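Survey of secondary and tertiary structure
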Amino acid sequence: MILVGELSLWVALLMATWGATVSFAGGQLRRADLVESGERALYATLAMVILASLGLWTALLTHDFSIKYVASFTSANLPKVYTITAFWGGQSGSLLFWALILSIYTAITLWTNRTRNRELMPYVAGTLALILIFFLATICLGSNPFERLDFIPADGRGLNPQLQNPGMAIHPPNLYLGYVGTSIPFAFAIAALLTRRLDAEWLAAVRRWALLAWFFNTVGIVLGMWWAYVELGWGGYWAWDPVENASLLPWLVNTAFLHSIMVQEKRGMLRKWNVTLVVSAFLLSIFGTFITRSGVISSVHSFAQSPVGKWFAAFLIVSIVVTAYLVSTRLHDLRSNAELESMVSREAAFLYNNLILVGIAFSVLWGTLFPIISEAVRGNKITVGPPFFNTVNIPLGLLLLLLTGIGPLIAWRRASIANLKRQFLTPVAVAATAGILCLALGVHNLAALLSYSFGALVVATIVQEFYKGINARHKMYGESRIVAFPRLIARNRRRYGGYIVHLGVVVVFAAFAGLAFKREFDLTLSAGDSKVVTDAWGHRWTFLSQGISRYNVLNREVTAIALDVTRDGKSEGVITSEKRQHVDSRGAPTFEPSTEVGIKGSFKQDVYVVLAGVRGADGAEIRVTFNPLVRWVWLGGALMAIGGLVVMWPAADRQRAQAGYAAVLKPRPVGERVPDLVGA
Amino acid sequence: MKRREFLLAVPALGLGAAMFPRRLAGAQAVQTFNGPMADANEVYRPVTLAAKPGAQASMSDAQRDDLEHKLHCQCGCNLDVYTCRTTDFACSVSPAMHADVMGLVSGGYGAEEILAAFKSVYGEKVLMAPGKSGFNLVGYTMPFVALAVGAAMVTALLKRWKSRAPVAVTTPSSYTDASEGELAALDAAVRRDG
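Nothing here was measured: the structure is a model prediction, and the numbers come from that model. (Residues numbered from 1 in each chain as written. Chains lettered and ligands numbered in written order. Predicted model: local features only at pLDDT ≥ 70, side-chain atom pairs only at ≥ 80, totals over all residues.)

A tally of regular secondary structure across chain A gives 20 helices and nine strands. Whereas a compact globule of 680 residues would reach a radius of gyration of roughly 26 Å, chain A reaches 27 Å, a difference of no more than 12%. Summarising its shape, the C-alpha atoms of chain A cover approximately 85 × 70 × 60 Å along the three principal directions. Here chain A, with 680 residues, has 56% of them falling under the buried criterion. Across chain A, contacts joining residues at least 24 apart in sequence account for 73% of those joining residues at least 6 apart. (Helix = DSSP H or I, 4+ residues; strand = E, 2+ residues; numbered from the N terminus. Rg over C-alpha atoms; globule rule 2.2 N^0.38 Å. Buried ≥ 20, exposed ≤ 12 C-beta atoms within 10 Å, placed from the backbone. Contact = placed C-beta atoms within 7 Å.)

Here helix 1 (residues 2-29) of chain A is 28 residues long and its end C-alpha atoms lie 40 Å apart, about the 40 Å a rise of 1.5 Å per residue gives. Directly beyond the C-terminal end of helix 1 of chain A, a positive phi value near 55 degrees is found at Arg30(A). (Expected span 1.5 Å × (residues − 1).)

Before going further, it helps to examine the packing of helix 16 (residues 446-477) of chain A against helix 17 (residues 481-491) of chain A. All names here are of chain A. Closest axis-to-axis distance for the helix 16/helix 17 pair is 9 Å, and the angle between their directions is 115 degrees. Of the two elements, helix 16 crosses helix 17, and the hand of that crossing is right-handed. Contacts between helix 16 and helix 17 involve Gly469, Ile470, Arg473 and His474 on the former and, on the latter, Arg481, Ala484, Phe485, Arg487 and Leu488. In terms of residue class, the contact of helix 16 with helix 17 is built from four nonpolar, two polar and three charged. (Axes fitted to C-alpha atoms, helices over the stretch in contact; angles between N-to-C directions. Left-handed = near helix turned anticlockwise from the far one by under 90°. Nonpolar A, V, L, I, M, F, W, Y, C, P; charged D, E, K, R; others polar.)

The next subject is the sheet that holds strand 7 (residues 598-601) of chain A. Residues and elements named next belong to chain A. Strand order in the open sheet made by the four strands is 1-9-8-7, with antiparallel pairing throughout. In the strand order of this sheet, the two ends are held by strand 1 (519-525) and strand 7, each with one partner. On average, each strand axis in the sheet is tilted by 20 degrees relative to the strand beside it, whichever way the strands run. Relative to strand 9 (residues 619-628), strand 1 runs antiparallel, the two being bridged by seven bridges. Paired with Asp522 across the strands is Arg623, a residue of strand 9. (Pairing = 2+ DSSP bridges.)

Residues and elements named next belong to chain A. The residue His63 is not glycine, and still its phi comes out positive at about 50 degrees. Mapping His63 onto the fold places it in the loop between helix 2 (32-61) and helix 3 (68-73). Positive phi is not limited to glycine here, since Arg196 has a value of about 60 degrees. With respect to the helices, strands and loops of the structure, Arg196 is situated in the loop between helix 8 (183-195) and helix 9 (201-232).

What follows is about the environment of Val327(A). Residue and element names in this part refer to chain A. Tracing the backbone through its elements, the reader meets Val327 in helix 12 (residues 308-328). For Val327 and Thr112, which are 215 residues apart along the polypeptide, the C-alpha to C-alpha distance reads 27 Å. Residues contacting Val327, with those up to four places away along its chain left out, are Leu193, Val275 and Thr276.

What follows is the structure, given as structure tokens:
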């Protein structure tokens, strides 16, 4: 099976090459037989990549340590679940995983478009085949997971302990699903540019894929934050690490696209912009992988430097040049007869929303690259850490939050004064009340204050929109409001799913603002010692050490401290934090010690304990962090994912959904008055 | 843009890229999940100053911890000194840097003086964020400049689009606003029809 897998990779590369060649040729020559052959070649590529993946999984599960990858990332005593997830624990395996997802996505795209978008499909298939060729060639020639060692070690090195975590088992696949998901819209964009069919057809084909990519990217990012929080032990969930930033970049651009696509659908505007966003999301996904693999920028996530980085750099440059050429030579075809009736309109709000989202993406990219720019210009190495990113991005984030509240309140085409008054009155009043309440409660941090006020504005906007929609159904159909609520969402999933996403964003922002009340304490405790500290809410917490214990379990040696915790004299139970030294099957240490954080969480705050060091037999150095509102980050992330699912969920009545999807606001005769409707 | 124009532009960009300093190509040290790559012997450099006359501790422990949040641990972990020394069992660099900070604090030196002392020994990379002066200002201001330019472009674009729109005729005074109920009904009807 392993040999079959190895050979399958090469066959897959040949198949993809054939697929790319005949797909483009079929499209150019308008030969249906060639197009069909190309599509079949891509289905065959999928079969070959699946075989290769099964080959690698077989090697991992049978502990075939003659294979370098297996020996490098697993050991005989590694729990089975992590032996399976070790597939994407190292570079070559994760590249194969990427190719696997891409070939699955490609097959789904070909299958779902077998009777649709036929003019575009040869070029879509050809573009996807080219991307597959790149990944398969990189795997076969640059980083082959089936590479064999000259000898067979008795045991493998094992998987990095920090990757032995449920979050890490599912976080990378989600990110990959998101990253790779941007390939499909990119392929459609290239196809549309090549064929000059730049109307709404290609956009309709890619919206759901862009949403899918956004959904998985969101889930991947939030899971990554959770993993960093519970596993790395530094006390937070986002460190502005270059690789974290790299995952944020396509997410931001994709989010901008999901907003601007509505403007093109409704008004036929922003054609160039939408193509640019789709292409940028894909290129930024590749850029993220380039950062991870090349070692150009220092990151806790970086694998060792490898020649694969250069492959990605070359692919990135070629992709940029090709797409820049295609866009620049088709500017005429991308021209739209945009007309704007008012600066105060949903279209204008969406444009500013896009500006902020792309502005944040730029600032994150700029901050990530600034160390090498500075070194190139001045020869000085500098560090661009959280203080820089917070300084730059907090104001931009607050602006975005404000626009999230304002945008849905403004009507398409033109908002009258009466409409604005009616729409804004309640949300603004709620925001002002929230601000005053926060001040009264002692929130004096400006960013936190604005965050809560703007968050209240967004929530009020959402509630108002739901209230109006439910009332409309109640009046139209006589439905009870309880029945009207789910039906309202079901009838317009895009709009109300989007509001659920907005709600998730508010919750996440509220949790971020809670960081203003974070407190950290560095304590040294011997067995029986206790220390008292006070959190941001004024509660007195006592930490009493029960001493250090040392024991062996599974594939690790554990040093643990147990702390009796009381809050204002009332017992809060025991918190345990560990340091783990992982060992191979012969008991030899495999990695540096890793941290197992002790967390006692509530919706108000987490008490986060890290065993930082041991002194003598029972002395311990611990860090206690009071992290406010952390659970709200996970809750907000879940809400965003649920909202994304609602938006993506296929409509039961396909025809109606299609009609709704195609709805475009027709130009109205000059002078005709339109009531102030707020529509999605 | 014509094909020929594009083809001419690409070599020009390539030439520009080739003239960009070669330092860019040099990869920085890489941190892996295996813990810090460097130990104290390799990267730690003492930062010591003679104590000020009659020196007393210049700050509280909490203030010192805040100060250590501004210093970048040199073990390669991307964390600040405080977080690294209270997180990473294996790091020998952050405890050494912490000891230097404590020495300077007890020697009567203030936060800015301590940061300057570290900067003079390790260079600017020891700060978690670059100082807001000189070329670094480009780093801090560029996102806002880009946003301002973008906002100006968007506004200009919107104005151009607006100028293309037909001029609306003044609403006859006999019109009255639709009631909430009428609007809700119309809203629902529009949604139903997509």
